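# Report on the structure
Residues per chain are reported as follows:
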Amino acid sequence: MASTSSTAHGKDLEATGLDAILEEAWRILSEGSSKAASPYHIINVATVGADRTPRIRSVVLRGFDKATRTLRFHTDTRSRKAAEIAATEALGVHVYAKDEKIQLRMSCRATIHHDDEISRDAWRATRLMSRECYSQAEAPGTVVASPESVAFDESENLEGAYVNFAAVLAKIETLEWLYLSAAGHRRARFDWHDSVSSQVWLAP
């Protein structure tokens, strides 16, 4: 039995079609961006350093637009992550849905948004406790004497921290889906390049 229109979960994925698999991937990303308690709310992103080595870290998935295949997360403008994205626009994204036994691996083209409409809208929606992260005097990764020596802005609304805040938009160009099953793993790839899309099965 092959399904190409409805969302599939669990064992249904052992016998479903590519369209339904893609909808399941979109569901995972949508849930991760909208529910703080979701296991997909924290995702892994990888950039390429100036020394051409990969750098991986975890970030909070703040938004997902299915229509444009765009993920959003936030970063400090002074971070290596921001500099590496600005230099290459290349970003790898990894999500593992443990309960569903699904791995999503994405190649994205990312852009940094600082002091523009996108970043201002994101900042307005950011809670005070999150804003505090951008208020520290030292840039992320700076060597300090101790954790206690890091100084934070203690003003009421932390608006001054906005100067260090940026939103990152990552447009998915390739998505690889892997379903881990005792009955046999299944793997597929979805590509969107130059307005042309393709979807194919892969050997797992």
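A short tour of the structure in this document, coming up. Since we're looking at a predicted model, the values are computed, not measured.

Moving on: the pairing of strand β7 (residues 165–179). Most of β7 sits inside the fold, with 12 of its 15 residues counted as buried. One ladder, built from seven bridges, connects strand β4 (residues 70–76) with β7; its direction is antiparallel. Following the sheet pairing, His74 is matched in β7 by Ala167. Pairing of strand β6 (residues 102–113) with β7 involves 12 bridges; the strand directions are antiparallel. Across the sheet, Arg105 pairs through a bridge with Glu176, a residue of β7. As paired strands, β7 and strand β8 (residues 186–193) are joined by six bridges and run antiparallel to one another. Directly across from Thr174, in β8, lies its bridge partner Asp191. Where β7 hands over to β8, the hairpin turn is made up of six residues, of which Gly184 adopts a positive phi near 130°.

Each value, and the rule that gives it
Residues numbered from 1 in each chain as written. Predicted model: local features only at pLDDT ≥ 70, side-chain atom pairs only at ≥ 80, totals over all residues. Heavy atoms only, no water. Buried < 20%, exposed > 50% of the residue type's maximum accessible area, 1.4 Å probe, protein only. Helix = DSSP H or I, 4+ residues; strand = E, 2+ residues; numbered from the N terminus. Pairing = 2+ DSSP bridges.

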